[in-house]
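Structural characterization, general
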Amino acid sequence: MQYLLAIVAVLVVLGLMIQYWYISLLVAAALVSPRIVRHFRMKRYFASESFLAHKEAVAGVVEEHNEVAAYTTEIRTSGTFELGASSTGTQAHLATFENTSRHAHRRDRNVADYASSNVHNCSLQVVRNAASDPLKYLTKYFSIRPTETTLEDVEGLGESVSRLEAAVANLKRREDDISINVNPPAFILKHYSDEFMKQVGVHLTPIAVPYPEYRFEYVSAGGNSSQRTLVTLNTPTIDALIELLSEKIRFAKSAAGQRALMTAKLRGFIKERDHFSCQQCAASVAVEPNLLLEVDHIIPVSKGGLSEVTNLQTLCWRCNRTKSNKLPTA
Ligand SMILES: [Zn+2]
């Protein structure tokens, strides 16, 4: 609103100066009036009885949405979203870097980043090779070694990522349902969607999934050129990494090959086996289409539980939340 008033003021002042003030006033009015009208229509809609009645009708749905939103924040803060570290960055914090060139053409437009553990500074050749064989280079240069422990870490990361992805998607579906149920006028959804959610009582939590990202970076000596390859650990990449590590471990004749791998495929299989229903409270997607389901280790990995089909079950978010809240004291 403020910047519109500023435009009006500027136009009026300019108009007065050039003696065609009435023209500038007309232009200003034409610019501002639709927005003002819309603003008052919005105010009127949110005060209307029809809106308030709809708001009352969806109160229960909104309340549950907000609980899932809080749960999503918990997943975000309690999950692990990191893995490995670059060898070029580990001791960089012990030194400071400065470009002390004094000639006229300082070419430090590109500066190498040595401070981040997710950046590997390397030759152009390595940057290019990493683009064609990302997992091989990722494991090699970010010290992701083929051991049982690393494999468990990657699987843990995969579970954190997939739980958060599912929860964020679930929130979005719930918000869409609330919009459909209240069915506000089109201009509200177009121009005031956040305000709409606020008025209904929805706590909006802008949660992006913090996929770990790894960069192979080449910066030329003069800073003239810079090239990079980016590897993002999203679900397909994580699953591929799990397969790769397990193959290497199996090749080394460890016992790792005996158990199932905790991939998106296995999680999908468990949910299907359990008929998309909670094995504790029997809540099911058939009854609650927006039910958030998760795959749980019956005996937790931290207590030696294996990723075996027999040690995995489907739980709804409520039961899983209660279970994980109980665990530290158990
Ligand atoms: Zn349940």
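Everything that follows concerns the structure shown earlier in this document.
Summarising the metal site, the zinc ion is bound by the protein donors Cys278 (SG), Cys281 (SG), Cys316 (SG) and Cys319 (SG), whose distances to it range over 2.3 to 2.4 Å. Seen from the zinc ion, its four donor atoms lie at angles of 106 to 115°, and the figure they make is tetrahedral. Between the donor residues of the zinc ion, the gaps in sequence give the motif C-x2-C-x34-C-x2-C. With Cys278 in the loop between helix H11 (264–273) and strand S4 (293–297) and Cys316 in strand S5 (residues 312–316), this residue pair connects regions lying 38 residues apart in the sequence.

Here we come to the side chain of Asn66. Relative to the elements of secondary structure, Asn66 occurs in helix H4 (residues 59–78). For Asn66, a relative accessible area of 14% gives the class buried. Here the side chain of Asn66 touches His65 through a polar contact of 3.0 Å, side chain to side chain. In terms of polar contacts, Asn66 uses its side chain to reach the backbone amide nitrogen of His203, at 2.8 Å.

Strand order across the open sheet formed by three strands is S1-S2-S3, with mixed pairing between neighbours. Bordering the open sheet on either side are strand S1 (119–121) and strand S3 (226–232), each of which pairs with just one other strand. Adjacent strand axes in the sheet meet at a mean angle of 20° when their direction is disregarded. In this sheet, S3 lies alongside strand S2 (residues 213–219) in antiparallel orientation, the contact comprising seven bridges. Considered in S3, the bridge of Arg215 is made with Leu230.

Right, let's get into the packing of H4 against helix H7 (residues 148–182). H7 packs onto H4 with a crossing angle of 160° between their chain directions and a minimal axis gap of 10 Å. With respect to H7, the element H4 is oriented roughly antiparallel. Our pair here, H4 against H7, has a crossing hand that is left-handed. In contact with Val61, Val62, Glu64, His65, Val68, Ala69, Tyr71, Thr72, Ile75 and Arg76 of H4, H7 contributes Ser160, Arg163, Leu164, Ala167, Val168, Asn170, Leu171, Arg174, Glu175 and Ile178. For the contact of H4 with H7, the per-class residue count stands at 11 nonpolar, four polar and five charged.

Thresholds applied
- Residues numbered from 1 in each chain as written.
- Predicted model: local features only at pLDDT ≥ 70, side-chain atom pairs only at ≥ 80, totals over all residues.
- Heavy atoms only, no water.
- Donors = N, O, S within 2.8 Å, 3.2 Å for Na, K, Ca; no water.
- Tetrahedral: all angles 85-135°; square planar, octahedral: opposite > 155°, others 65-115°.
- Helix = DSSP H or I, 4+ residues; strand = E, 2+ residues; numbered from the N terminus.
- Buried < 20%, exposed > 50% of the residue type's maximum accessible area, 1.4 Å probe, protein only.
- Polar contact = N/O pair within 3.5 Å; in protein donor to acceptor, adjacent residues only side chain to side chain.
- Pairing = 2+ DSSP bridges.
- Axes fitted to C-alpha atoms, helices over the stretch in contact; angles between N-to-C directions.
- Parallel < 35°, antiparallel > 145°, perpendicular 65-115°, else oblique.
- Left-handed = near helix turned anticlockwise from the far one by under 90°.
- Contact = heavy atoms within 4.5 Å.
- Nonpolar A, V, L, I, M, F, W, Y, C, P; charged D, E, K, R; others polar.

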